[in-house]
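For reference, the chains in residue letters:
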Amino acid sequence: MPVLGIIGGSGLYDMPGLERVEEALPETPYGMPSSPIISGYIGETHLAFLARHGRGHVFAPTDVPYRANIAALRSLGVRQVLSISAVGSLQEPLAPRSAVIPDQIIDRTTSRPRTFFDDGIVAHVGMADPFCSTLSAAVQAHAGASSGGAVHAGGTYLCIEGPQFSTRAESYLFRSWGADIIGMTAMPEARLAREAGMCYAMLAMVTDYDVWHESEADVSVEAVQRVLRDNIDVGRAVIQRLADAGIPACGAGCRDALEHAIITDERTFSETARSRLAFLTDA
């Protein structure tokens, strides 16, 4: 039975109706995940929740163990991942308290391990469309019925290194590129999910107008946290509706991402590298 992984804040764990709850902390070839993974069922749908920044928000965006998180979820049977993330808006129509289901990413991170493939194994995995269109469509449908604000289908997420917010000049530059929302965690998370053959979609909750907007106060942690508290119920409602409807079968080919992607001659793989990547070939 497929498992839907949820990566977001720890407040999402407290799902009404979650049954047969278990907690796991699987060690991976890349260390331990950010937090224990809480799994359980809503009806017949199996869910697994992981707090991206750890319990108590102890990991800065750069320090999140992205590889361990994706490897741990996959080891528990997760093949589809929903990221619930806070973002700033770079466009006037995307107002605070609205939601965006992005379909593209611009990666501006600089200091994070970006791939499972290193130590003598090279893979070029296609990232033209970084979000699973099937899972994104399902999230869009359920978000529209759950959100108190507008829900926008499509858009480009610009991922910065952080943990600082943008300068005003950077915010204007990112707007000129046509980016729609800005955050700090979509990469390498989306790229690693693709390498692992997992569907990946995002429910991006807009908390502020970044620093470009002349009539709004500049982004602050206090303002972000206030809107995030309001958005927890929206995230729970979307998860509940996804679970009630059942996880959609992927029609985007996410599971086949590694087919023909590994360019290194398999005969040269070291036993250490084979062992480390074994989780990618599990059924």
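Here we summarise the structure given alongside this text. For every chain, the first residue of its written sequence is number 1, and the numbers climb from 1 along that sequence. Local features are withheld for residues below a pLDDT of 70 in this predicted model, meaning they are given only at 70 or higher, and side-chain atom pairs are given and counted only at 80 or more; totals for whole chains, interfaces and linings count all residues. Heavy atoms throughout the structure, all of them, feed into the side-chain values; hydrogens and water do not.

## Section: helix 1 (residues 66-75)
What sets the pattern is the α-helix's 3.6 residues per turn: residues three or four places apart point alike. Put simply, the rule is: Think of it in three bands: with a 1.4 Å probe and only protein chains considered, a residue is buried below 20% of the maximum accessible area for its type, exposed above 50%, and partly exposed in between. Secondary structure elements follow DSSP: runs of H or I of four or more residues count as helices, runs of E of two or more count as strands, with numbering from the N terminus. A contact between two residues is defined here by any heavy atoms of the two lying within 4.5 Å.
Most of helix 1 sits inside the fold, with nine of its ten residues counted as buried. Among all positions in helix 1, only Y66, R67, A68, N69, I70, A71, A72, L73 and R74 are buried. As for helix 1, its buried residues are in contact with strand 1 (3-8), strand 3 (37-42), strand 4 (45-51), strand 5 (78-89) and helix 4 (186-195). Remark: G77 follows helix 1 within two positions and exhibits a positive phi of approximately 95°.

## A word on the nonpolar core
As a reminder, the rule being used: Nonpolar core, defined: a set of buried Ala, Val, Leu, Ile, Met, Phe, Trp, Tyr and Cys residues in which side-chain atoms within 4.5 Å join the residues together.
Core analysis: the largest hydrophobic core is formed by 46 residues, its most contacted members being I70, L73, F116, Y157, I181 and M198. When contributions to this core are tallied by element, the ones reaching two or more residues are strand 1, strand 4, helix 1, strand 5, strand 9 (156-160), helix 4 and strand 11 (199-208). By residue number, the principal contributor to this core is helix 1, which donates six residues. The contact partners of F116, leaving out residues within four places of it in the chain, are Y30, R67, I70, A71, L192, E195, A196, L277, F279 and L280. Formed by 31 residues, the second largest nonpolar core is a distinct cluster that contains L4, I6, I84 and A138.

## Details of unusual backbone geometry
A negative phi angle characterises most non-glycine residues, just as the trans form characterises most peptide bonds. Between G162 and P163 the backbone carries a cis peptide bond, its omega angle lying at 0°. Along the chain, P163 turns up in the loop between strand 9 and helix 3 (168-176). In this chain, M187 is followed by P188 through a cis amide linkage whose omega measures 10°. Along the chain, P188 falls in helix 4.

## Comments concerning the side chain of T109
Threshold: In the analysis that follows, any N or O atom pair within 3.5 Å is treated as a polar contact, provided that within protein one partner can donate a hydrogen and the other can accept it, and provided that, for residues neighboring in sequence, both atoms belong to side chains.
Mapped onto the fold, T109 is located in the loop between strand 7 (104-108) and helix 2 (133-144). A polar contact is formed between the side chain of T109 and the side chain of D107, at a distance of 2.7 Å.

## Side note on the environment of G88
Mapped onto the elements, G88 comes out in strand 5. Residue G88 is classed as buried on the basis of its relative accessible area, which comes to 4%. Taking C-alpha positions, G88 is 5.1 Å from I182, a pair spaced 94 residues apart along the chain.

## Quick look at the pattern of salt bridges
What counts, and what does not: The term salt bridge refers to a pairing of a side-chain nitrogen on Lys or Arg with a carboxyl oxygen on Asp or Glu at a separation within 4 Å.
Considering all chains together, one arrives at twelve salt bridges under this definition. R55 is the salt-bridge partner of E23, the closest N and O atoms lying 3.2 Å from each other. Taken as a pair, E23 in strand 2 (residues 19-24) and R55 in the loop between strand 4 and helix 1 lie far apart in primary sequence, 32 residues in all. Accessibility expressed as a relative area gives 52% for E23, which makes it exposed. Among the ionic contacts, a cluster of salt bridges with common partners joins R67, D118, D119 and R276.

## Quick look at the pairing of strand 11
For clarity, the threshold we go by: Note: two strands are recorded as paired if DSSP finds a minimum of 2 bridges between them.
Of all ten residues in strand 11, ten are buried; the element is thus mostly enclosed. Here strand 5 pairs with strand 11 via nine bridges, running parallel. Bridge pairing links V87 to V206 in strand 11. In terms of strand pairing, strand 6 (residues 99-101) meets strand 11 through two bridges, oriented antiparallel. Looking at strand 11, one finds that V100 is bridged to A204.

## Re the environment of D265
Mapping D265 onto the fold places it in the loop between helix 5 (221-245) and helix 6 (271-276). Sequence spacing of D265 and I121 is 144 residues, and the spatial spacing of their C-alpha atoms is 8.4 Å. Of the polar contacts made by the side chain of D265, one reaches the side chain of R267; its length is 2.6 Å.

## A closer look at the packing of aromatic side chains
Heads up, the rule is: Centres within 6.5 Å are what make two rings of Phe, Tyr or Trp a pair, Trp counting through its six-membered ring; a difference in plane orientation under 30 degrees is then read as stacked, over 60 as edge-to-face, and the rest as tilted. Geometrically, a lysine NZ or arginine CZ counts as sitting over a ring once it is within 6 Å of the ring centre and also within 35 degrees of the ring normal.
Following the criterion strictly, the structure yields six aromatic pairs and no others. Between the aromatic rings of F116 and F279, the centroid separation amounts to 5.2 Å while the plane-to-plane angle is 75°, which identifies the pairing as edge-to-face. Taken as a pair, F116 in the loop between strand 7 and helix 2 and F279 in the segment after helix 6 lie far apart in primary sequence, 163 residues in all. Pair check on accessibility: F116 and F279 agree, each one buried. Taken together, the aromatic side chains of Y30, F116 and F279 make up a single cluster linked through ring pairs. Seen from the ring of Y41, R20 lies directly overhead, with NZ or CZ sitting 3.8 Å from the centre. The side chain of R175 reaches across the aromatic face of W212, ending 3.8 Å from its centre.

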